[in-house]
Amino acid sequence: MKIRFTTAQGKTVEADAESGADLLTVAQGAGMPLEGTCEGQMACSTCHVVVDPDWFAKLPEASEEEEDMLDLAAGVQRTSRLACQIMLDDTLDGLTVAIPAESHDMRRF
């Protein structure tokens, strides 16, 4: 399946993904600046993405714990989610998410 990332600079990056993968892993593999400090344990908000409005309703609802973590993220919008909590399946082929300008992967410095 294909996943589309829109960078903070407006560039579109398309990545291949397997069903069952989480969006954070796919994003990191595509070079997106999502740190994922807690390695998907939902203890940080460093994998915050903004889901395209056309796709947002197709995702399962965020848990209360995810909503609490999003409260800590910079640049949160109505369709914000944590990439570590989005598990990909065939119904999400073509999913489009934006990487917030505030996203930085400190592992790259």
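From a predicted model like this one, the values you see are computed outputs, not experimental measurements.

Describe in detail the side chain of D22, supporting the description with residues and values.
Within the secondary structure, D22 sits in the loop between β2 (12–16) and α1 (23–29). Overall, D22 belongs to the buried group, its relative accessible area being 19%. Polar contacts involving the side chain of D22 include one to the main-chain amide nitrogen of T25, which spans 2.9 Å. Those residues in contact with D22, other than ones at most four positions away along the chain, are A83, C84, I86, M87 and L88.

Quick rundown of the pattern of salt bridges? Include the residues and the values.
Counted under the stated rule, the structure contains three salt bridges. One salt bridge in this structure joins R4 and E14, with 3.2 Å as the shortest N-O distance. Highlighted residues: R4 in strand β1 (residues 2–6) and E14 in strand β2, separated in sequence by 10 residues. For the salt bridge of R81 with E66, the shortest nitrogen-to-oxygen distance reads 2.8 Å. Taken as a pair, R81 in strand β4 (residues 80–82) and E66 in helix α3 (residues 64–70) lie far apart in primary sequence, 15 residues in all.

Account for the sheet that holds β4, with residues named and values stated.
In spatial order, the strands read β2-β1-β5-β3-β4; together these five strands make up an open sheet with mixed pairing. What marks the edges here is a single partner per strand, and that holds for β2 and β4. Looking at each pair of strands side by side, their axes are set apart by 35° on average, direction ignored. Pairing geometry for strand β3 (residues 48–51) and strand β5 (residues 96–98), over two bridges, is antiparallel. By the bridge assignment for β5, V51 is matched with V97.

An account of a negative patch on the surface is requested, with residue identities and associated values reported.
Together, E61, E64, E65, E67, D68 and D71 make up a negatively charged patch on the protein surface. Here E67 is to be found in helix α3.

Mind laying out the environment of A43, listing which residues take part and the relevant values?
Here A43 lies in the loop between α1 and β3. According to the relative accessible area criterion, A43 is exposed, its value standing at 55%. Note: C-alpha distance between A43 and D68 (25 residues apart in sequence) is 9.8 Å. What A43 contacts, discounting residues up to four positions off in sequence, is C38 and M69.

What counts, and where the lines are drawn
- Residues numbered from 1 in each chain as written.
- Predicted model: local features only at pLDDT ≥ 70, side-chain atom pairs only at ≥ 80, totals over all residues.
- Heavy atoms only, no water.
- Helix = DSSP H or I, 4+ residues; strand = E, 2+ residues; numbered from the N terminus.
- Buried < 20%, exposed > 50% of the residue type's maximum accessible area, 1.4 Å probe, protein only.
- Polar contact = N/O pair within 3.5 Å; in protein donor to acceptor, adjacent residues only side chain to side chain.
- Contact = heavy atoms within 4.5 Å.
- Salt bridge = Lys/Arg side-chain N within 4 Å of Asp/Glu carboxyl O.
- Pairing = 2+ DSSP bridges.
- Axes fitted to C-alpha atoms, helices over the stretch in contact; angles between N-to-C directions.
- Patch = residues over 30% accessible without salt bridge, like charges linked within 9 Å, V, L, I, M, F, W, Y side chains within 5 Å.
- Areas by Shrake-Rupley, 256 points an atom, 1.4 Å probe, with all protein chains shown as cover.
- Lys, Arg positive; Asp, Glu negative; His and termini not counted.
- Charge placed at Lys NZ, Arg CZ, Asp CG, Glu CD.

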